[in-house]
Amino acid sequence: LHDGKSNKTISADGVYFIDNNSSNIKVNYNELNNLIICAVYPDGKATIENQTNLQPKTNPTGVLLFENMIIINSTDTDVIQQKKADAGPGTEFGYIVFDNCILKNLPRHVVYIINAATKINTISISNCDYSTTGTASSFITFAGQASTVTNVYAYNNVFYYSGDSDVPMTDFKIL
């Protein structure tokens with residue numbers, strides 16, 4: 001996807017390098033196994049738009065990585081949500097990584113696990129700007145289940161609420 005054109009759709013696992021002049025690259029499929037999406041040059045950002053929440057398959061070594069991207073959601077959905085078919089015991093996924101990204105004006109959560117106990121090896125967000133329009137949004141949420149993340153890395157990020165104005169977030173919780 002390096003021709004500078006817009007409006008392309010990613011609909012399969014793989015490694016994708018996006019030209020920084022591209023925009024509105026859409027991700028529109030579930031059952032992710034290994035998906036890596038990177039902008040070609042780190043000093044510029046390409047835009048990717050999720051049209052549905054991304055749902056990783058059960059895969060203890062799976063990788064979902066975004067690097068040098070602007071990520072927006074076109075609907076009121078989460079960026080990553082547990083696949084409903086994988087709601088049984090033993091659900092696992094490997095690595096979810098956001099590096100040098102702008103997660104822009106998201107209406108809901110980034111990683112939202114709601115269906116069953118889940119084990120994720122690593123969730124990493126580094127050098128990112130995260131803004132939300134939802135007052136009850138969060139970066140990582142496990143809704144009432146005995147889920148675990150072995151490693152959580154958060155380095156050099158800016159979090160802010162952009163509902164009415166760009167106000168820095170002040171309510172940070174680790175529960």
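Let me begin by describing the structure that accompanies this report. (Residues numbered from 1 in each chain as written. Predicted model: local features only at pLDDT ≥ 70, side-chain atom pairs only at ≥ 80, totals over all residues. Heavy atoms only, no water.)

Quick look at the overall build of the protein now. Scanning the protein from N- to C-terminus turns up zero helices and 17 strands. Burial status across the protein gives 45% buried among its 175 residues. For the protein, long-range pairs separated by at least 24 residues make up 70% of all intrachain contacts whose partners lie at least 6 apart in sequence. For the protein, the computed accessible surface area is about 8,500 Å², with 50% contributed by carbon and sulfur atoms. (Helix = DSSP H or I, 4+ residues; strand = E, 2+ residues; numbered from the N terminus. Buried < 20%, exposed > 50% of the residue type's maximum accessible area, 1.4 Å probe, protein only. Contact = heavy atoms within 4.5 Å. Areas by Shrake-Rupley, 256 points an atom, 1.4 Å probe, with all protein chains shown as cover.)

This brings us to the sheet that holds strand β11 (residues 111-113). The sheet built from three strands is open, its strands ordered β8-β11-β14 with parallel pairing. In this open sheet, the two edge strands, each paired with only one partner strand, are β8 (80-81) and β14 (140-142). (Pairing = 2+ DSSP bridges.)

Now for the pairing of strand β4 (residues 34-39). The side chains of a regular strand alternate, first on one face of the sheet and then on the other. As judged from the five bridges shared by strand β2 (residues 14-18) and β4, these two strands associate in the parallel manner. In the sheet register, Phe17 faces β4, and the bridge partner there is Cys38. Pairing between β4 and strand β6 (residues 59-67): five bridges, direction parallel. By the bridge assignment, Asn34 is partnered in β6 with Val63.

So, about the environment of Ile125. Within the secondary structure layout, Ile125 lies in strand β12 (residues 118-126). Once the C-alpha coordinates of Ile125 and Cys101 are considered, the two residues, 24 residues apart in sequence, prove to be 8.6 Å apart.

Turning our attention to the side chain of Ser124. Mapped onto the fold, Ser124 is located in strand β12. We classify Ser124 as buried; its relative accessible area is 12%. Discounting residues that sit within four places of it in the chain, Ser124 has contacts with Ile96, Val97, Phe98 and Tyr153.

This brings us to the environment of Ile123. Secondary-structure assignment places Ile123 in strand β12. C-alpha separation for the pair Ile123 and Ala154, spaced 31 residues apart in sequence, amounts to 8.5 Å. In contact with Ile123, other than residues within four places in its own chain, are Ile96, Val111, Phe139, Ile140, Val149, Asn151, Val152 and Tyr153.

Strand order across the open sheet formed by six strands is β2-β4-β6-β9-β12-β15, with parallel pairing between neighbours. In this open sheet, the two strands that pair with only one neighbour each are β2 and β15 (148-155). Geometrically, the sheet is characterised by an average inter-axis angle of 10° between neighbouring strands, direction not taken into account. Pairing of β6 with strand β9 (residues 91-99), which is carried by six bridges, proceeds in the parallel orientation. Across the sheet, Val63 pairs through a bridge with Tyr95, a residue of β9. (Axes fitted to C-alpha atoms, helices over the stretch in contact; angles between N-to-C directions.)

Our next topic: the pairing of strand β10 (residues 102-106). Across two bridges, the pairing between strand β7 (residues 69-73) and β10 is parallel. Bridging from a neighbouring strand, Ile70 pairs with Ile102 of β10. Bridge count for β10 against strand β13 (residues 129-132) is three bridges, and the pairing is parallel. The residue bridging Ile102 from the neighbouring strand is Asp129, located in β13.

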